[in-house]
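Residue-level structure breakdown
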Amino acid sequence: DLGAAQGYNLVTFGDFNNGSTDIEGKSAIGGKVYCPSGFTFGDSKKMNSTEYALVWGGTKSSDFVAGNNHSDCKALIKSGLTIGNTFGSGIDYWTDEQDFKKKSGFNFSDLESELIQTSKEIAAVESTGTATVNGKEITFKGTASDYNFFSIEASVLNSADGVFFDTPSTSTDIVNVIGTNVK
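Here goes a summary of the coordinates provided. In this text the structure is predicted, and so the values were computed from the model without any measurement.

1. Topic: the overall build of the chain
Along its length, the chain carries three helices and 15 strands. A globule of 183 residues ought to have a C-alpha radius of gyration of about 16 Å, and the chain, at 16 Å, matches this closely. By principal-axis analysis of the C-alpha atoms, the chain measures approximately 45 × 35 × 30 Å. Out of the 183 residues belonging to the chain, those deemed buried represent 38%. Long-range pairs, those at least 24 residues apart, make up 46% of the contacts in the chain with a sequence separation of at least 6. Surface accessibility of the chain: about 10000 Å² in total, with carbon and sulfur atoms responsible for 46%. For the chain, the centre of its 14 positive side-chain charges and the centre of its 23 negative side-chain charges are spaced 6 Å apart.

If you want it as structure tokens, here you go:
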């Protein structure tokens, strides 16, 4: 059980740095966002219009750097911030930690503790799929319709420019990253 992280394509408690690869599902980002080449959060064809494509825990507008970003979905950010993006379904604002938790369904600190414990449990599970590196792209391939488990070294993931999943649309795909320096 991934708790509040279930259904998110990306959950990061630190900073998120990306070239130009889109995330077509939900993202929860606790730190800075740096996507200078353009980026799309969410895809309205794959998401409910009431879901947040981006839940951002950042507290300064200057910590969100994104060129030509666009989303036809919705975002949740701290009240008073501007992020210069277009979110076609609007932006909701949080005012304090209690309001953030009410609107997002979690707080980053508790979620991080829960997922670290879950990660330790998952680390004991054998991978059910494969990770293939082709140049600077990684493809995770799995056939299970419920859960696909993958493991990869942080150094391999850090050198990737693109990450792709070849799994059934009904599956939850879990990548356990081995190492402490994940970029």
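2. Focus: the nonpolar core
One finds Phe16, Ile29, Val33, Phe41, Leu54, Trp56 and Phe64 to be the most contacted residues of the largest nonpolar core, which totals 19 residues. Taken together, the elements giving at least two residues each to this core come down to strand E4 (33-35), strand E5 (52-56) and strand E8 (74-78). In this structure Ile29 touches Leu10, Thr12, Gly14, Phe16, Phe41, Leu54, Val55, Trp56, Gly57, Gly58 and Phe108, once residues within four positions along its chain are discounted. Counting 16 residues, the second largest nonpolar core, distinct from the first, contains Ala5, Leu115, Ile122 and Ile174.

What counts and what doesn't
Here the residue index of a chain counts from 1 through its sequence in written order. Per-residue local features of the predicted model are confined to residues with pLDDT of at least 70, and side-chain atom pairs are confined, for both listing and counting, to 80 or more; whole-chain, interface and lining totals are unaffected and use all residues. Hydrogen atoms and water are omitted, and side-chain values are computed over all heavy atoms in the structure. For helices the rule is a DSSP run of H or I covering at least 4 residues; for strands it is a run of E covering at least 2, with both sets numbered from the N terminus onward. As defined in this context, the radius of gyration uses C-alpha atoms, and a globule is described by 2.2 Å times the residue total to the power 0.38. Working definition: with a 1.4 Å probe on protein chains only, accessible area under 20% of the residue-type maximum means buried, over 50% means exposed, and in between means partly exposed. A contact between two residues is defined here by any heavy atoms of the two lying within 4.5 Å. Only the protein chains shown count as cover for residues, and all accessible areas are computed by the Shrake-Rupley method using a 1.4 Å probe. This count recognises Lys and Arg as positive and Asp and Glu as negative, with His and chain-terminal groups excluded. Charge positions come from single atoms, namely NZ of Lys, CZ of Arg, CG of Asp or CD of Glu. By nonpolar core is meant a set of buried Ala, Val, Leu, Ile, Met, Phe, Trp, Tyr and Cys residues that side-chain atoms within 4.5 Å join together.

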